[in-house]
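Read off the chains here:
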Amino acid sequence: EKMASAIVDSVIPRTTSTSTETESVNTLQKLILDGVAATAKGAATPGTELKFDCLSNGDVKVAVDGKEVGIAFGLGSAFANVFLDEEGVSPALRDSIVENCCGMVSPSAANNEKEKEEDGSFEITMSQTSEGKSNVKTKFQLPKGVKDVVDAAKNNSASSSSEKGASSTTTTTTTTSRKDQHISASIPITPAEMPHFASMSVMMFLFIYVFTTVRDTKDTLVVSNCGAEAIPFLKLYGVMPCATAFIVMYSKLSNALGKQTLFYVTLLPFFVFYGVFAFVLFPNRDVIHFPLAAAEGAAAAGGGALTAATNLMRYWSFSLFFIVSELWASAGVPLLFWQCANDVTPMAQAKRFYPLFAVTGNLAPIVSGKVMSKVISLQKTKDDIGFGATLKKLAVIKAVVGLGIIFIYRNVYAMAEERDRKERTEQSLSTIRGIEETGKVQITMKFEKPKQKLTLRESMKELMQSKELKAMATMVFCYNVCVELTEVLWKSILRKQYPSKSLYMEYMANFSQTVGTVAFLLQLIAPGILNVFGWRGTAMIPPVTMGVLAIAFFAAIIAGEDKIPLAQALLIGTVQNVANKVTKYSLFDPCKEMAYIPLGPDAKTKGKAAVDVLGARLGRSMGSASQQLLVFLVGGASGSIVNCTPYLGVCYVAAIAMWSNAVGTLGKLFVTPEVKVDNTPKLESIGQAITIIKRIEDAKSEKRKNGNGKKQAKK
C-alpha cells in the first residue's frame, strides 16, 4: 500500500488534475494493489517486479511479476516525468531510483540523432532487475525546466572551451589537481577537506576540555573527602547502575528521536548539572550533607574499608558529581563525538582524519591544566569558600564550551548535507546529460521491506552475535579494567603526598598538561605509525606499553618505601597513568572507531553505545569489585589498597592477555584476504604436455634404434 501510494503521489503533480486524469490515478493505484495482492505471496516482497508500459497513445499498462493487471488511461507523460524532474512528491521513491541507476545503454547513434532532431523526444528503459528483465520502453518529451538546465550546462561548457581554448583546459586541470593534493606528507588532507577536518578537530578539543576539567574536579572532591579506597565502591554501586540506566534510556530515545535531537537531549543535561552543582549544591554543602556524627556511627563497625564507603553517602553531592562526570567520560568523546564523526566522515577520509582529529583534541588537557592552574591561583583563600568560587568560574567556562559544541555540531552536519546534495545533483545531471547525448537510460527500482525497530534486548542479542562487536567490547572492557587496577592505587599514594585539596588539584592540573603535551606529540606521528604497523600492530601498542609500565609500578610498591621512596613510586605511577591516557587518545580510540565504519547502522548506534558506555562501565566495575574483594580479604585493619598490590598485578596481566587476543580477532577486518589461485588445471595441462613430449622422444629414440638395426643387418 505504501509503495502504491508513493508511486501515485509522484504522478499526481504531473497531471492537469482533470476529472478524467484523477480517475486514472485512482485506477493506477488500484491496479498496483490488485496486482500485488494476486501474487503468490499476496504482498510486495524483495524481488517483486512492477512493469509500467507507457504506450504510444499515452496510456500506462500495469503488470506485476509478468502478469498484466490493466491499463490506466492518459498517464504516460506524467508517469515518465516522475523519473526526470526535480519536483517529486515522494523523495524516497526518487532517491531510490537515482541510487539504483544502472547506467547508460547506447542505442544506434544514427537513429538517436534522427529522433532528437525530429521531435526532441527520448527513449527510457525501466526494468526491475539489472539483467534487463521486464523492460519497459517509452518515448517522452524532456521537461522544459530540466532541458534548460542541461542546455545551460552544455552552453557554459562550450563557451568556456571556445574562449579559453587548450590553455584554459590546462589551467583548469592544474587547479583541480592542486585542490586534490594533500597539504603535506604529514597532513594528508586536501584544501577542500580542511573545513570538515578543522570543525571535527575543534569539536573533539571541546569535548576533551570538559572531560579533563570534570575529571580533575571529581577526583579532588572524592579523594580529598572520602579517600581513594572509596572510588571502587562508588564506581560499582553508583556509576554502574547509572550507566545501565543511561544505556536503556538512550536506546529508547534513539527509537523515538531523530539523530540530531538525540544528540542535544543527551548533551545538555550534563552542562545543566554542572551549573546547578557549582551555584546551588556546593555553596549549600553544609546544609545538604549528612552530619559527621551520623557517618562516624555508621562506619564504626566496618573499619577502614567501610569508613571510605560511608563517607560517600555523607558527601552525596560530591558522589553525584563523580557519577555524572564518569558518565560524561563514556558519553562525551566515545559516544557523542565519535558517533557524529562516523556519521559525517566517509571511510576514505576516516583512515586519514581519525588519527589527526586528536592532534587538536589533545591540546585540550594542556589548555585545561593551564586554565585550572590560573583559576586556582586567583583564589583569595585556600579553603572551601575559595574552592567554591573556582567551581563557579569553571562552570561558566564549561557552559560556553557546551554552546560551542552545539554550534560546531550543527555546522558539520550542514556541510555533510551540502556535500551529499552536490553529489546527488551531480549524479542527476550526469544522468540527464546521458539522456541528452544517448537518448536512453536504464533505471532499476528496488522495493525493500521496511525494518522494524527492535527493543533494547532484541538489539543487544542481535548485535552481540557479531564477533567484531564482541572483540571491541573486550578491548574496551579490558582497557578499563587495567586503568582501574592502577589508577586507584596511584591516587592513594598521591593523597599521601598531597593531602590538601588545593595541592591535590594543582598536581592534577600539571598531570593534565603533561598528558596533553605527550599526546599531542604522539598524535603527530600516529598516521605514520598506522601506515607502518597497520591496524593490528598499532592497536597492540597500548596494551604492551601499559603492561610494561604497570609491572614496574607494582614492583616499586611491593619493594617497599625502605628500598624505593614513595615519591619515586608516585613518579613511576604517574608515568604509567600518563601512558594510559596518551595511548588511549592517540592510538586506542582511532583504531577502535575505524573498526565501526565497515559495520551496519545499528552497530554504529546501539552497538556503539553498548560497547563504549556499558562496556567501559563493566570494565571499571569489574576492576572496582576486584579491589573491594581484595581490600576486605588482604587489606588489613586499615583497609589500604596498597596491601593488595601483588594480587592487583596478577589481575592486570590477565586483562592484558584478553585484550591482546581481542586485537588479533578484530585485526582480521583490516587484512586483505589473499586470493588463492587454483593451479590444478594448469598443472594437469603441463603434465599432459610433458607426457606427450616424452612419448614423442620415446618414439624418436625407438625409430633411431630401428634404423641402426636395419643398417647393421645390411652390413
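Here, the structure is the one placed above.
The structure displayed is predicted, hence computed values, not measured ones. (Residues numbered from 1 in each chain as written. Predicted model: local features only at pLDDT ≥ 70, side-chain atom pairs only at ≥ 80, totals over all residues. Heavy atoms only, no water.)

**Q** With reference to specific residues and values, describe the overall build of the chain.
**A** Helix and strand content of the chain: 23 helices and seven strands. Looking at the chain as a whole, 48% of its 715 residues qualify as buried. Counting only contacts in the chain whose residues sit at least 6 apart along the sequence, the fraction spanning at least 24 positions is 79%. Accessible surface computed for the chain: about 34,800 Å², of which carbon and sulfur atoms make up 60%. (Helix = DSSP H or I, 4+ residues; strand = E, 2+ residues; numbered from the N terminus. Buried < 20%, exposed > 50% of the residue type's maximum accessible area, 1.4 Å probe, protein only. Contact = heavy atoms within 4.5 Å. Areas by Shrake-Rupley, 256 points an atom, 1.4 Å probe, with all protein chains shown as cover.)

**Q** Please set out a nonpolar patch on the surface residue by residue, giving values where relevant.
**A** Nonpolar side chains collect at one region of the surface, where V272, V276, F279, V280, V396 and V400 lie side by side and expose about 510 Å² of accessible area between them. Among the elements of the structure, α9 (259-281) and α16 (384-438) are those that each provide at least two residues to the nonpolar patch. The leading source of residues in the nonpolar patch is α9, at four residues. Its place among the elements puts V400 in helix α16. Accessibility expressed as a relative area gives 55% for V400, which makes it exposed. (Patch = residues over 30% accessible without salt bridge, like charges linked within 9 Å, V, L, I, M, F, W, Y side chains within 5 Å. Salt bridge = Lys/Arg side-chain N within 4 Å of Asp/Glu carboxyl O.)

**Q** Quick rundown of the sheet that holds strand β3 (residues 67-72)? Include the residues and the values.
**A** One open sheet holds the three strands; their spatial order is β1-β2-β3, and the pairing between them is antiparallel. At either margin of the open sheet sits one strand with a lone partner, and together these are β1 (50-54) and β3. Each neighbouring strand pair of the sheet contributes to a mean axis angle of 25°, computed without reference to strand direction. (Pairing = 2+ DSSP bridges. Axes fitted to C-alpha atoms, helices over the stretch in contact; angles between N-to-C directions.)

**Q** I'd love a proper account of the nonpolar core, names of residues and values included.
**A** One finds F207, W328, F337, F357 and W659 to be the most contacted residues of the largest nonpolar core, which totals 144 residues. Per-element tally for this core: the top contributor is helix α19 (residues 501-559), with 20 residues. Apart from the residues within four sequence positions on either side, W659 is in contact with M475, C478, Y479, C482, P542, P543, M546 and F588. Counting residues in each nonpolar core, the second largest holds 21 residues, with I32, V36, A72 and V82 among its members. (Core = buried A, V, L, I, M, F, W, Y, C linked by side-chain atoms within 4.5 Å.)

**Q** So, helix α8 (residues 230-256): which residues are in play, and what are the values?
**A** The terminal C-alpha atoms of α8, which comprises 27 residues, lie 38 Å apart, in line with the 39 Å expected from a rise of 1.5 Å per residue. The principal kink in α8, of about 35°, is found at V239, preceding the proline P241 by one to four residues. (Expected span 1.5 Å × (residues − 1). Bend = angle between axes of the 7 residues up to and from the residue.)

**Q** With reference to specific residues and values, describe the pairing of β3.
**A** Across five bridges, strand β2 (residues 60-64) lies against β3 in antiparallel orientation. Along β3, the bridge assignment pairs V60 with A72.

**Q** Give me helix α1 (residues 2-11): which residues, what numbers.
**A** Among the ten residues in α1, seven count as buried, and that is most of the element. For α1, the complete set of buried residues consists of M3, A4, A6, I7, V8, S10 and V11.

**Q** How would you summarise the pattern of salt bridges if you had to cite specific residues and measurements?
**A** Per the stated rule, a full pass over the model turns up twelve salt bridges. K30 is the salt-bridge partner of D34, the closest N and O atoms lying 2.7 Å from each other. Residue D34 and its partner K30 are located together in helix α2 (residues 19-37), separated by four residues, close to a single helical turn. Among the salt bridges present, the one from D219 reaches K491, with a minimum N-O distance of 2.9 Å. With D219 in helix α7 (residues 194-226) and K491 in helix α18 (residues 467-497), this residue pair connects regions lying 272 residues apart in the sequence. Across this residue pair, the class does not change: D219 and K491 are buried. It is possible to trace a salt-bridge network through shared partners that takes in K218, D219, K235, E326, E484, E487, K491 and K581.

**Q** Tell me about the packing of α19 against helix α22 (residues 645-666), and please be specific about residues and values.
**A** Packed helix pairs are characterised by how far apart their axes lie and by the angle those axes make with each other. Packing of α19 against α22 brings their axes to within 10 Å, and their N-to-C directions diverge by 175°. Considered as vectors, α19 and α22 are oriented roughly antiparallel to each other. Note on element contacts: α22 touches α19 through T645, P646, L648, G649, Y652, I656, W659, S660, V663, G664 and L666, opposite W535, R536, A539, M540, P542, P543, M546, G547, A550, F554, I557 and I558. Each residue belonging to the contact of α19 with α22 can be placed in one class, and the counts come to 17 nonpolar, five polar and one charged. (Parallel < 35°, antiparallel > 145°, perpendicular 65-115°, else oblique. Nonpolar A, V, L, I, M, F, W, Y, C, P; charged D, E, K, R; others polar.)

**Q** Now, about the side chain of N342: what can you tell me, with residues and values included?
**A** Position of N342 relative to the elements: it lies in helix α13 (residues 316-344). Discounting residues that sit within four places of it in the chain, N342 has contacts with Y354, E593, Y596, I597 and K608.

**Q** Run through the environment of M200, naming residues and quoting values.
**A** Tracing the chain through its elements places M200 in helix α7. Residues contacting M200, with those up to four places away along its chain left out, are F337, C340, A341, V344, F357 and V412.

**Q** Explain the side chain of S492 residue by residue, including any values.
**A** Of note, S492 is situated in helix α18. Taking the relative accessible area as the measure of exposure, S492 reaches 6% and is therefore buried. Discounting chain neighbours no more than four positions away, the residues touching S492 are A228, E229, I641 and V642.

**Q** Explain the packing of α7 against α13 to me, and be specific about the residues and the numbers.
**A** Here α7 crosses α13 at 165°, and the two axes come no closer than 9 Å. Between α7 and α13, the angle is such that the two are roughly antiparallel. The way α7 lies across α13 gives a crossing that is left-handed. (Left-handed = near helix turned anticlockwise from the far one by under 90°.)

**Q** Report on the packing of aromatic side chains, specifying residues and quantitative values.
**A** Inspection of the entire model under this criterion finds 28 aromatic pairs. Ring geometry for Y264 versus Y409: centroids 5.7 Å apart, planes at 75°, classification edge-to-face. Taken together, the residues Y264 in helix α9 and Y409 in helix α16 connect sequence positions 145 residues apart. Both residues of the pair, Y264 and Y409, count as buried. For the pair Y479 and W659, a centre-to-centre distance of 5.8 Å together with 85° between the ring planes defines the contact as edge-to-face. Placement of Y479 in helix α18 and of W659 in helix α22 is noted, with a sequence separation of 180 residues between them. By relative accessible area, Y479 is classed as buried at 3%. For W659, a relative accessible area of 0% puts it in the buried group. Clustering of aromatic rings is evident, with ring pairs tying together F273, Y274, F277, F282, Y315, F318, F321 and F387. (Phe/Tyr/Trp six-rings, centres within 6.5 Å; stacked < 30°, edge-to-face > 60°.)

**Q** Give me the lowdown on the pairing of β1, citing residues and values where you can.
**A** Here β1 shows one buried face, formed by L50, F52 and C54, and one open face, formed by K51 and D53. By the bridge criterion, five bridges tie β1 to β2 in an arrangement that is antiparallel. Among the inter-strand pairings, D53 is bridged to a residue of β2, identified as K61.

Nothing here speaks to function; it is all geometry.
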